[in-house]
Amino acid sequence: MPRSIAHEQDILHLPPPKRPPRRTSRRIGIHTSIAGGVQNAAERAFRLGCSAFQIFSTSPRQWAPYELSRPQCEELRRLRDKYDLKPLAIHTNYLVNLAATNELFLRKSVEAFRGEIERALAIGAEYLVLHPGSFRGRSREEGLRRASAAIAAATTQLDLARAGLTILIENTAGAEYSLGASFDQVAEVIERLRDVVPIAACIDTCHTHAAGYDIVTETGLAQTLQLLDQTIGLTNVPVWHCNDAKAERGSKLDRHEHVGKGRIGKETFRRLLNDPRTAHAAFIAETPIDRPGDDRRNVDALKRVVER
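Let me sum up the structure you'll find in this document.

About the thresholds
- Residues numbered from 1 in each chain as written.
- Predicted model: local features only at pLDDT ≥ 70, side-chain atom pairs only at ≥ 80, totals over all residues.
- Heavy atoms only, no water.
- Helix = DSSP H or I, 4+ residues; strand = E, 2+ residues; numbered from the N terminus.
- Expected span 1.5 Å × (residues − 1).
- Buried < 20%, exposed > 50% of the residue type's maximum accessible area, 1.4 Å probe, protein only.
- Contact = heavy atoms within 4.5 Å.
- Axes fitted to C-alpha atoms, helices over the stretch in contact; angles between N-to-C directions.
- Parallel < 35°, antiparallel > 145°, perpendicular 65-115°, else oblique.
- Left-handed = near helix turned anticlockwise from the far one by under 90°.
- Nonpolar A, V, L, I, M, F, W, Y, C, P; charged D, E, K, R; others polar.
- Phe/Tyr/Trp six-rings, centres within 6.5 Å; stacked < 30°, edge-to-face > 60°.
- Pairing = 2+ DSSP bridges.
- Right-handed = clockwise from strand over helix to strand, strands pointing away.
- Core = buried A, V, L, I, M, F, W, Y, C linked by side-chain atoms within 4.5 Å.

This brings us to helix 4 (residues 140-154). Between the first and last C-alpha of helix 4 there are 21 Å, a value that for 15 residues agrees with the 21 Å anticipated at 1.5 Å per step. Those residues of helix 4 not exposed but buried are Glu142, Gly143, Leu144, Arg146, Ala147, Ser148, Ala150, Ile151 and Ala154. Among the structural elements, helix 3 (103-123), strand 4 (127-130), strand 5 (166-170) and helix 6 (183-193) are those in contact with the buried residues of helix 4.

The structure is reproduced here in C-alpha coordinates:
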(Lines give C-alpha, C1' and ligand atoms only; values in the text may rest on other atoms or scores of the structure.)
Protein backbone atom coordinates (compact mmCIF):
# COMPACT_ATOMS: atom_id res chain seq x y z
CA MET A 1 0.00 0.00 0.00
CA PRO A 2 2.37 2.76 -1.22
CA ARG A 3 1.60 6.09 0.44
CA SER A 4 3.65 9.19 -0.48
CA ILE A 5 4.01 10.30 3.12
CA ALA A 6 6.34 13.16 2.17
CA HIS A 7 3.40 14.83 0.43
CA GLU A 8 0.81 14.05 3.08
CA GLN A 9 -0.78 16.99 4.79
CA ASP A 10 -1.53 15.76 8.29
CA ILE A 11 -5.15 16.51 9.00
CA LEU A 12 -4.30 17.01 12.69
CA HIS A 13 -2.55 20.23 11.70
CA LEU A 14 -5.82 21.60 10.35
CA PRO A 15 -8.74 23.00 12.39
CA PRO A 16 -11.12 20.28 13.63
CA PRO A 17 -14.46 19.93 11.81
CA LYS A 18 -17.27 22.16 13.07
CA ARG A 19 -19.76 19.29 12.80
CA PRO A 20 -19.38 15.50 12.63
CA PRO A 21 -18.58 14.22 9.12
CA ARG A 22 -21.41 12.65 7.14
CA ARG A 23 -21.86 8.92 7.57
CA THR A 24 -23.43 6.26 5.37
CA SER A 25 -25.11 2.91 5.99
CA ARG A 26 -21.74 1.22 5.35
CA ARG A 27 -18.68 1.28 7.59
CA ILE A 28 -16.04 3.10 5.54
CA GLY A 29 -12.47 4.02 6.37
CA ILE A 30 -8.86 4.23 5.30
CA HIS A 31 -5.44 3.11 6.50
CA THR A 32 -4.43 5.84 8.93
CA SER A 33 -1.06 7.02 10.27
CA ILE A 34 -0.08 6.39 13.91
CA ALA A 35 2.49 9.21 13.89
CA GLY A 36 2.67 10.75 17.35
CA GLY A 37 1.05 7.70 18.96
CA VAL A 38 -1.60 5.14 18.09
CA GLN A 39 -4.29 7.29 19.70
CA ASN A 40 -3.75 9.95 17.02
CA ALA A 41 -4.90 7.49 14.35
CA ALA A 42 -8.42 7.56 15.78
CA GLU A 43 -8.55 11.36 15.72
CA ARG A 44 -7.25 11.37 12.16
CA ALA A 45 -9.81 8.76 11.11
CA PHE A 46 -12.68 10.78 12.56
CA ARG A 47 -11.56 14.01 10.89
CA LEU A 48 -11.22 12.18 7.57
CA GLY A 49 -14.86 11.15 7.85
CA CYS A 50 -14.23 7.48 8.65
CA SER A 51 -16.49 5.16 10.60
CA ALA A 52 -13.85 2.38 10.53
CA PHE A 53 -10.07 2.43 10.08
CA GLN A 54 -6.88 0.44 9.78
CA ILE A 55 -3.39 1.04 11.20
CA PHE A 56 0.04 -0.49 11.60
CA SER A 57 0.74 -1.13 15.28
CA THR A 58 4.46 -0.60 14.66
CA SER A 59 6.80 0.20 11.76
CA PRO A 60 5.76 -2.04 8.84
CA ARG A 61 9.35 -2.57 7.67
CA GLN A 62 11.32 -3.06 10.88
CA TRP A 63 11.57 -6.02 13.25
CA ALA A 64 11.91 -3.91 16.38
CA PRO A 65 8.39 -2.99 17.58
CA TYR A 66 7.19 0.32 18.93
CA GLU A 67 6.37 0.33 22.62
CA LEU A 68 2.69 1.03 23.18
CA SER A 69 2.02 2.66 26.54
CA ARG A 70 -1.12 1.98 28.54
CA PRO A 71 -2.20 5.66 28.34
CA GLN A 72 -1.94 5.53 24.52
CA CYS A 73 -4.06 2.37 24.34
CA GLU A 74 -6.63 3.76 26.77
CA GLU A 75 -6.89 7.03 24.85
CA LEU A 76 -7.33 5.14 21.58
CA ARG A 77 -10.16 3.14 23.11
CA ARG A 78 -11.76 6.34 24.48
CA LEU A 79 -11.64 8.11 21.11
CA ARG A 80 -13.04 5.07 19.31
CA ASP A 81 -15.98 5.04 21.72
CA LYS A 82 -16.45 8.79 21.41
CA TYR A 83 -16.46 8.75 17.60
CA ASP A 84 -18.04 5.29 17.12
CA LEU A 85 -15.07 4.06 15.08
CA LYS A 86 -15.43 0.36 14.45
CA PRO A 87 -14.04 -1.93 13.46
CA LEU A 88 -10.34 -1.25 13.90
CA ALA A 89 -8.11 -3.45 11.77
CA ILE A 90 -4.37 -3.76 12.25
CA HIS A 91 -2.24 -4.69 9.26
CA THR A 92 0.66 -7.00 10.06
CA ASN A 93 4.26 -5.93 9.48
CA TYR A 94 5.37 -6.54 5.87
CA LEU A 95 8.49 -8.44 7.01
CA VAL A 96 6.47 -11.27 8.55
CA ASN A 97 6.49 -14.44 6.39
CA LEU A 98 4.83 -17.33 8.17
CA ALA A 99 5.46 -19.66 5.23
CA ALA A 100 9.21 -18.98 5.23
CA THR A 101 11.48 -21.93 4.44
CA ASN A 102 14.45 -20.47 6.34
CA GLU A 103 13.98 -21.62 9.92
CA LEU A 104 15.62 -18.57 11.50
CA PHE A 105 13.45 -16.21 9.45
CA LEU A 106 10.38 -18.27 10.31
CA ARG A 107 11.13 -18.01 14.04
CA LYS A 108 11.54 -14.23 13.74
CA SER A 109 8.26 -14.05 11.82
CA VAL A 110 6.38 -16.09 14.43
CA GLU A 111 7.78 -13.90 17.22
CA ALA A 112 6.89 -10.72 15.33
CA PHE A 113 3.40 -11.97 14.56
CA ARG A 114 2.84 -12.88 18.20
CA GLY A 115 3.86 -9.32 19.04
CA GLU A 116 1.28 -8.06 16.55
CA ILE A 117 -1.39 -10.16 18.29
CA GLU A 118 -0.36 -8.90 21.72
CA ARG A 119 -0.52 -5.28 20.56
CA ALA A 120 -3.88 -5.88 18.89
CA LEU A 121 -5.20 -7.27 22.18
CA ALA A 122 -3.80 -4.28 24.11
CA ILE A 123 -5.33 -1.81 21.67
CA GLY A 124 -8.67 -3.59 21.50
CA ALA A 125 -8.66 -4.11 17.74
CA GLU A 126 -11.31 -6.32 16.17
CA TYR A 127 -9.14 -7.60 13.30
CA LEU A 128 -5.52 -8.40 12.52
CA VAL A 129 -4.86 -8.65 8.77
CA LEU A 130 -2.15 -11.03 7.55
CA HIS A 131 -0.70 -11.91 4.15
CA PRO A 132 -0.22 -15.70 4.23
CA GLY A 133 3.39 -15.50 3.04
CA SER A 134 5.84 -16.75 0.42
CA PHE A 135 6.69 -20.42 -0.10
CA ARG A 136 9.90 -19.97 -2.17
CA GLY A 137 11.84 -23.23 -2.17
CA ARG A 138 8.87 -25.43 -1.22
CA SER A 139 5.59 -26.49 -2.77
CA ARG A 140 2.49 -24.32 -2.46
CA GLU A 141 0.83 -27.04 -0.38
CA GLU A 142 3.79 -27.10 2.01
CA GLY A 143 3.66 -23.31 2.19
CA LEU A 144 -0.01 -23.38 3.19
CA ARG A 145 0.72 -26.02 5.81
CA ARG A 146 3.65 -24.07 7.27
CA ALA A 147 1.72 -20.79 7.35
CA SER A 148 -1.19 -22.42 9.16
CA ALA A 149 1.10 -24.10 11.68
CA ALA A 150 2.97 -20.84 12.30
CA ILE A 151 -0.25 -18.92 12.95
CA ALA A 152 -1.29 -21.60 15.44
CA ALA A 153 2.11 -21.44 17.16
CA ALA A 154 2.00 -17.63 17.42
CA THR A 155 -1.41 -17.70 19.11
CA THR A 156 -0.56 -20.30 21.76
CA GLN A 157 -2.05 -19.40 25.18
CA LEU A 158 -3.55 -16.16 23.86
CA ASP A 159 -7.34 -15.94 24.14
CA LEU A 160 -8.31 -14.07 21.00
CA ALA A 161 -11.93 -15.14 21.13
CA ARG A 162 -12.48 -13.70 24.59
CA ALA A 163 -11.01 -10.36 23.48
CA GLY A 164 -13.04 -10.27 20.26
CA LEU A 165 -9.98 -10.39 18.00
CA THR A 166 -10.10 -12.24 14.66
CA ILE A 167 -7.18 -12.94 12.34
CA LEU A 168 -7.99 -12.12 8.71
CA ILE A 169 -6.14 -13.87 5.89
CA GLU A 170 -5.79 -11.41 3.01
CA ASN A 171 -5.82 -12.53 -0.60
CA THR A 172 -2.78 -11.54 -2.65
CA ALA A 173 -2.05 -10.33 -6.18
CA GLY A 174 -0.39 -13.58 -7.28
CA ALA A 175 3.30 -12.71 -7.39
CA GLU A 176 5.59 -15.72 -7.83
CA TYR A 177 5.72 -17.96 -4.74
CA SER A 178 3.13 -15.90 -2.85
CA LEU A 179 0.28 -17.69 -1.13
CA GLY A 180 -3.32 -16.51 -1.22
CA ALA A 181 -3.80 -15.45 -4.84
CA SER A 182 -6.79 -17.76 -5.17
CA PHE A 183 -9.85 -17.86 -2.96
CA ASP A 184 -9.26 -21.61 -2.57
CA GLN A 185 -5.89 -21.00 -0.91
CA VAL A 186 -7.31 -18.45 1.52
CA ALA A 187 -10.15 -20.85 2.29
CA GLU A 188 -7.68 -23.66 2.98
CA VAL A 189 -5.80 -21.63 5.61
CA ILE A 190 -9.10 -20.68 7.24
CA GLU A 191 -10.26 -24.29 7.28
CA ARG A 192 -6.99 -25.51 8.82
CA LEU A 193 -7.32 -23.00 11.67
CA ARG A 194 -11.08 -22.83 12.17
CA ASP A 195 -10.93 -24.87 15.40
CA VAL A 196 -7.71 -23.21 16.63
CA VAL A 197 -8.26 -19.45 16.51
CA PRO A 198 -10.93 -16.93 15.38
CA ILE A 199 -10.18 -16.58 11.68
CA ALA A 200 -11.79 -15.16 8.54
CA ALA A 201 -10.75 -13.34 5.35
CA CYS A 202 -9.95 -9.85 4.12
CA ILE A 203 -10.48 -9.43 0.38
CA ASP A 204 -8.54 -6.74 -1.48
CA THR A 205 -10.12 -5.52 -4.71
CA CYS A 206 -6.79 -4.60 -6.34
CA HIS A 207 -5.29 -7.99 -5.45
CA THR A 208 -8.39 -9.79 -6.74
CA HIS A 209 -8.18 -7.93 -10.05
CA ALA A 210 -4.42 -8.43 -10.38
CA ALA A 211 -4.77 -12.16 -9.64
CA GLY A 212 -7.02 -12.51 -12.68
CA TYR A 213 -10.58 -12.43 -11.34
CA ASP A 214 -13.03 -10.30 -13.31
CA ILE A 215 -14.56 -7.73 -10.99
CA VAL A 216 -14.87 -4.95 -13.58
CA THR A 217 -17.85 -6.12 -15.61
CA GLU A 218 -21.20 -6.55 -13.91
CA THR A 219 -21.37 -10.22 -14.92
CA GLY A 220 -17.76 -10.82 -13.92
CA LEU A 221 -18.22 -9.30 -10.47
CA ALA A 222 -21.36 -11.35 -9.92
CA GLN A 223 -19.51 -14.55 -10.85
CA THR A 224 -16.50 -13.63 -8.71
CA LEU A 225 -18.68 -12.93 -5.69
CA GLN A 226 -20.49 -16.22 -6.25
CA LEU A 227 -17.15 -18.06 -6.33
CA LEU A 228 -16.03 -16.21 -3.22
CA ASP A 229 -19.22 -17.22 -1.47
CA GLN A 230 -18.73 -20.87 -2.49
CA THR A 231 -15.11 -21.03 -1.27
CA ILE A 232 -14.59 -18.65 1.65
CA GLY A 233 -18.16 -17.51 2.22
CA LEU A 234 -19.18 -13.86 1.97
CA THR A 235 -20.20 -13.92 5.62
CA ASN A 236 -16.57 -14.77 6.41
CA VAL A 237 -15.30 -11.52 4.83
CA PRO A 238 -15.76 -8.81 7.48
CA VAL A 239 -13.25 -6.42 5.88
CA TRP A 240 -12.75 -5.41 2.25
CA HIS A 241 -9.69 -3.45 1.17
CA CYS A 242 -11.16 -1.08 -1.42
CA ASN A 243 -8.31 -0.18 -3.74
CA ASP A 244 -8.45 0.60 -7.43
CA ALA A 245 -5.66 -0.84 -9.59
CA LYS A 246 -3.00 0.72 -11.78
CA ALA A 247 -2.29 -2.52 -13.65
CA GLU A 248 -4.31 -4.75 -15.98
CA ARG A 249 -6.37 -7.68 -14.81
CA GLY A 250 -4.18 -10.76 -14.32
CA SER A 251 -0.96 -8.71 -14.20
CA LYS A 252 -0.05 -10.04 -10.72
CA LEU A 253 1.12 -6.50 -9.92
CA ASP A 254 0.07 -5.04 -6.56
CA ARG A 255 -0.22 -1.39 -7.56
CA HIS A 256 -2.99 0.53 -5.79
CA GLU A 257 -4.77 3.47 -7.41
CA HIS A 258 -7.26 6.04 -6.15
CA VAL A 259 -10.84 4.79 -5.90
CA GLY A 260 -12.56 5.10 -9.28
CA LYS A 261 -9.40 6.30 -11.05
CA GLY A 262 -7.86 2.98 -12.09
CA ARG A 263 -8.51 -0.16 -14.11
CA ILE A 264 -11.33 -1.30 -11.81
CA GLY A 265 -13.46 1.83 -11.87
CA LYS A 266 -16.17 3.39 -9.75
CA GLU A 267 -19.02 1.08 -10.77
CA THR A 268 -17.39 -1.98 -9.22
CA PHE A 269 -17.22 -0.21 -5.86
CA ARG A 270 -20.82 0.94 -6.24
CA ARG A 271 -21.98 -2.63 -6.86
CA LEU A 272 -19.84 -4.07 -4.09
CA LEU A 273 -20.80 -1.62 -1.36
CA ASN A 274 -24.51 -1.79 -2.17
CA ASP A 275 -24.70 -5.57 -2.34
CA PRO A 276 -26.83 -6.68 0.64
CA ARG A 277 -24.51 -9.68 1.13
CA THR A 278 -21.65 -7.34 2.06
CA ALA A 279 -23.66 -5.03 4.32
CA HIS A 280 -22.02 -6.48 7.45
CA ALA A 281 -18.51 -5.62 6.28
CA ALA A 282 -16.18 -2.64 6.65
CA PHE A 283 -14.68 -1.10 3.51
CA ILE A 284 -11.20 0.31 4.03
CA ALA A 285 -9.05 2.06 1.43
CA GLU A 286 -5.26 1.67 1.25
CA THR A 287 -4.81 4.18 -1.52
CA PRO A 288 -1.75 6.34 -2.27
CA ILE A 289 -1.35 9.91 -1.08
CA ASP A 290 0.11 11.72 -4.08
CA ARG A 291 -1.04 15.16 -2.97
CA PRO A 292 -2.55 16.65 0.18
CA GLY A 293 -6.15 15.62 0.71
CA ASP A 294 -6.02 12.36 -1.25
CA ASP A 295 -6.89 10.37 1.88
CA ARG A 296 -10.10 12.34 2.45
CA ARG A 297 -10.95 12.22 -1.27
CA ASN A 298 -10.73 8.43 -1.31
CA VAL A 299 -12.92 8.12 1.79
CA ASP A 300 -15.43 10.49 0.15
CA ALA A 301 -15.30 8.50 -3.10
CA LEU A 302 -16.37 5.36 -1.25
CA LYS A 303 -19.10 7.23 0.61
CA ARG A 304 -20.55 8.67 -2.60
CA VAL A 305 -21.22 5.25 -4.11
CA VAL A 306 -23.36 4.11 -1.18
CA GLU A 307 -26.97 4.43 -2.30
CA ARG A 308 -28.75 3.93 1.03
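Having seen it, we continue.
Packing of helix 1 (residues 38-47) against helix 2 (residues 70-83) brings their axes to within 7 Å, and their N-to-C directions diverge by 15°. Taken as axis vectors, helix 1 and helix 2 run roughly parallel relative to one another. Handedness of the helix 1/helix 2 crossing: left-handed. On the side of helix 1, the interface is formed by Val38, Gln39, Ala42, Glu43 and Phe46, while helix 2 contributes Gln72, Glu75, Leu76, Leu79 and Tyr83. Looking at the contact of helix 1 with helix 2 residue by residue, the classes come out as six nonpolar, two polar and two charged.

For the structure shown, the criterion picks out five aromatic pairs. Relative to Tyr177, the ring of Phe135 has its centre 5.8 Å away and its plane inclined at 80°; by these criteria the two rings are edge-to-face. Taken as a pair, Phe135 in the loop between strand 4 and helix 4 and Tyr177 in the loop between strand 5 and helix 6 lie far apart in primary sequence, 42 residues in all.

This brings us to the pairing of strand 10 (residues 282-285). When a strand is regular, its side chains alternate between the sheet's two faces. Here strand 10 shows two buried faces, one formed by Ala282 and Ile284 and the other by Phe283 and Ala285. Bridging between strand 1 (residues 27-31) and strand 10 involves four bridges; their strand directions are parallel. When the sheet's bridge partners are listed, Ile28 is paired in strand 10 with Phe283. Across three bridges, the pairing between strand 7 (residues 239-241) and strand 10 is parallel. Among the inter-strand pairings, Trp240 is bridged to a residue of strand 10, identified as Phe283.

Let us look at the pairing of strand 2 (residues 52-55). Side-chain alternation along strand 2 places Ala52 and Gln54 on one buried face and Phe53 and Ile55 on a second face that is also buried. Once the chain exits strand 1 it traverses helix 1 before rejoining the sheet at strand 2, and the crossover so formed is right-handed. With helix 2 bridging strand 2 and its parallel neighbour strand 3 (residues 88-91), the resulting β-α-β unit is right-handed.

As summarised here, the arrangement of the eight strands in space is 1-2-3-4-5-6-7-10, forming a closed barrel in which the pairing is parallel. Adjacent strand axes in the sheet meet at a mean angle of 25°, parallel and antiparallel pairs treated alike.

What follows deals with the nonpolar core. One finds Phe113, Ile232 and Trp240 to be the most contacted residues of the largest nonpolar core, which totals 80 residues. Leaving out residues up to four positions away in the same chain, Phe113 has contacts with Thr92, Val96, Leu98, Leu128, Leu130, Ile151, Ala154 and Ile167. Ala89, Tyr127, Leu168 and Val239 belong to the second largest nonpolar core, which has eight residues in total.

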